[in-house]
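# Working through the structure, step by step
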Amino acid sequence: MSFIEFRGSGKKVIVRKVFCIGRNYAAHAKEMNAGIPEAPVIFLKPSTSVIHDGERIVSPPFSRQLHYEVEMVVAIGREGKHVPEERALEYVGGFGVGLDMTLRDVQADAKLKGLPWTVAKGFDTSAPISKFVERDLVGAPHNLDISLKVNGIVRQHSNTMNMMFAIEELISYISSIFTLEVGDLIFTGTPEGVGEARSGDQLEAELESVGKLSVSVQ
């Protein structure tokens, strides 16, 4: 069973739904030759996609193009439906950093055929997450540096202020469609610089005020 662990307290919460936001950084949308969305683009990963610090990403044998995408991850700490933006942060249990691992060739084929992205995005080990830091211990979640190193070389670097849809907007929008539950995760989108991860690579994600996540590719 997948879980979220909080830094310091060691508290663990069972992961329920894993929401992911596509194209939430303009520069990433541009590098993917995709348009700027008028509303958040939502897709889901199963809870079985979650792995933790020190574990390994395993790419399915039917794909030849595994890509990394570093993201701020929001853990929901309170059940809610139709949450107003001005109260949205009250529903945050904590913040972490994660990777939305993507089978880019499988995704491209699905896009071409007008099919869902579930296989490309939701395979086992596709959602590595760090330990989480409780909401009140993270001073300014809308102004945090986020980065990813591959084998010690910085490949992605941005700031959460560059998200087009802020945390409050995402929580309010998602909760207008789905009931939010304690243990739900929201991957808030990736900045520019996504690229291919190969067998043997070491990936180190970092989010200011939260910490690091280190995983390898099998």
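For the structure, see preceding data.
All residue numbers refer to positions counted from 1 along the written sequence of the respective chain. For this predicted model, a pLDDT threshold of at least 70 governs which residues receive local features, and a threshold of 80 or more governs which side-chain atom pairs are given and counted, while totals over whole chains, interfaces and linings are taken from all residues. Excluding hydrogens and water, the side-chain figures rest on all heavy atoms present in the structure.

### Some words on the pairing of strand S17 (residues 202–207)
For the exposure calls, accessible area comes from a 1.4 Å probe over protein chains only, and a residue counts as buried if that area is under 20% of its type's maximum, exposed if over 50%, partly exposed in between. Here a strand is any run of E in DSSP of at least two residues, a helix any run of H or I of at least four, and the numbering for each starts at the N terminus. Only one face of S17 is covered, namely the face carrying Leu 203, Ala 205 and Leu 207; the face carrying Gln 202, Glu 204 and Glu 206 is uncovered. Pairing between strands is defined by DSSP: at least two bridges between them are needed. Strand direction decides the pairing type here: strand S13 (residues 145–150) and S17, joined by five bridges, are antiparallel. When the bridges of S17 are listed, Val 150 appears paired with Leu 203. Across six bridges, S17 lies against strand S18 (residues 211–217) in antiparallel orientation.

### Remarks on the sheet that holds S17
Here five strands make up an open sheet; going across it, the order is S6-S18-S17-S13-S14 and the pairing mixed. The sheet is open, and its two edges are formed by strand S6 (56–57) and strand S14 (153–159), each paired on a single side.

### What to know about the pattern of salt bridges
By convention in these notes, a salt bridge is any Lys or Arg side-chain nitrogen within 4 Å of a carboxyl oxygen on Asp or Glu. Under the defined criterion, the tally for this structure stands at 12 salt bridges. In this structure, Lys 121 engages Glu 69 in a salt bridge whose closest nitrogen and oxygen atoms are separated by 3.5 Å. Of this pair, Lys 121 sits in helix H3 (residues 118–122) while Glu 69 sits in the loop between strand S7 (66–68) and strand S8 (70–76), placing them 52 residues apart in sequence. Of the two residues examined, Lys 121 and Glu 69, each falls in the buried class. One continuous salt-bridge network, built from bridges that share partners, spans Lys 45, Glu 69, Asp 100, Arg 104 and Lys 121.

### Structural notes on helix H2 (residues 104–113)
Taken as a whole, H2 has its buried residues at Arg 104, Gln 107 and Ala 110. Looking straight down H2, one finds that the buried residues subtend no more than 120 degrees of arc, so they occupy a single side. Set apart from the buried face of H2 by more than 90 degrees, the exposed residues are Leu 112 and Lys 113. Positive phi appears at Gly 114, one or two residues downstream of H2, with a value of about 70 degrees. Of all possible arcs, the one meant is that of the directions from the helix axis to the C-beta atoms.

### Section: the sheet that holds strand S16 (residues 195–196)
Sheet architecture is open: three strands sit in the order S10-S7-S16, paired in antiparallel fashion. Two strands bound the open sheet, and with one partner strand each, they are strand S10 (102–103) and S16.

### Some details on helix H4 (residues 167–175)
Summarising burial for H4: seven of the nine residues are buried, a large majority. All buried positions along H4 are accounted for by Ile 167, Glu 168, Leu 170, Ile 171, Ser 172, Ile 174 and Ser 175. The contact criterion used is simple: two residues touch if any of their non-hydrogen atoms lie within 4.5 Å. Structurally, H4 contributes buried residues whose contacts are with strand S3 (18–22), strand S4 (41–45), S8, strand S9 (92–99) and strand S15 (185–187).

### What to know about the side chain of Ser 49
Counting through the fold element by element, Ser 49 comes out in the loop between S4 and strand S5 (50–52). Here Ser 49 falls in the buried class, since its relative accessible area comes to 0%. Among residues more than four places away in sequence, those in contact with Ser 49 are Gly 122, Phe 123, Asp 124, Thr 125, Ser 126 and Ala 127.

### Here we look at the nonpolar core
Ranked by size, the top nonpolar core spans 44 residues in total, and within it Leu 99, Met 101, Ile 171 and Leu 203 carry the most contacts. Counting residues per element, the ones that place at least two in this core are S3, S7, S8, S9, S13, H4, S17 and S18. Put simply, a nonpolar core is a bunch of buried Ala, Val, Leu, Ile, Met, Phe, Trp, Tyr and Cys residues held in one set by side-chain atoms that sit within 4.5 Å of each other. In this structure, Cys 20, Ala 75, Phe 132 and Phe 187 belong to the second largest nonpolar core, which totals 15 residues.

### Things to note about the packing of aromatic side chains
Here a Phe, Tyr or Trp ring, Trp counted by its six-membered ring, pairs with any other such ring whose centre lies within 6.5 Å, and the pair is stacked when the planes are under 30 degrees apart, edge-to-face when over 60, and tilted otherwise. Applying the stated criterion across every chain yields a total of three aromatic pairs. On the basis of an interplanar angle of 55 degrees and a centroid distance of 6.3 Å, the ring pair of Phe 6 and Phe 132 is categorised as tilted. Here Phe 6, found in the loop between strand S1 (3–5) and strand S2 (12–14), pairs with Phe 132, found in the loop between strand S11 (127–129) and strand S12 (133–134); they are 126 residues apart in sequence, far enough to count as distant. For the pair Phe 43 and Trp 117, a centre-to-centre distance of 5.5 Å together with 55 degrees between the ring planes defines the contact as tilted. With a gap of 74 residues between them, Phe 43 in strand S4 and Trp 117 in the loop between H2 and H3 connect regions that are remote in the sequence. Accessibility expressed as a relative area gives 23% for Trp 117, which makes it partly exposed. Criterion for a charge above a ring: Lys NZ or Arg CZ within 6 Å of the ring centre, and within 35 degrees of the ring normal. Above the plane of the ring of Phe 6 lies Lys 11, whose end atom (NZ or CZ) is 4.6 Å from the centre. Directly above the ring of Phe 3 sits Lys 12, whose terminal nitrogen or CZ lies 4.5 Å from the centroid.

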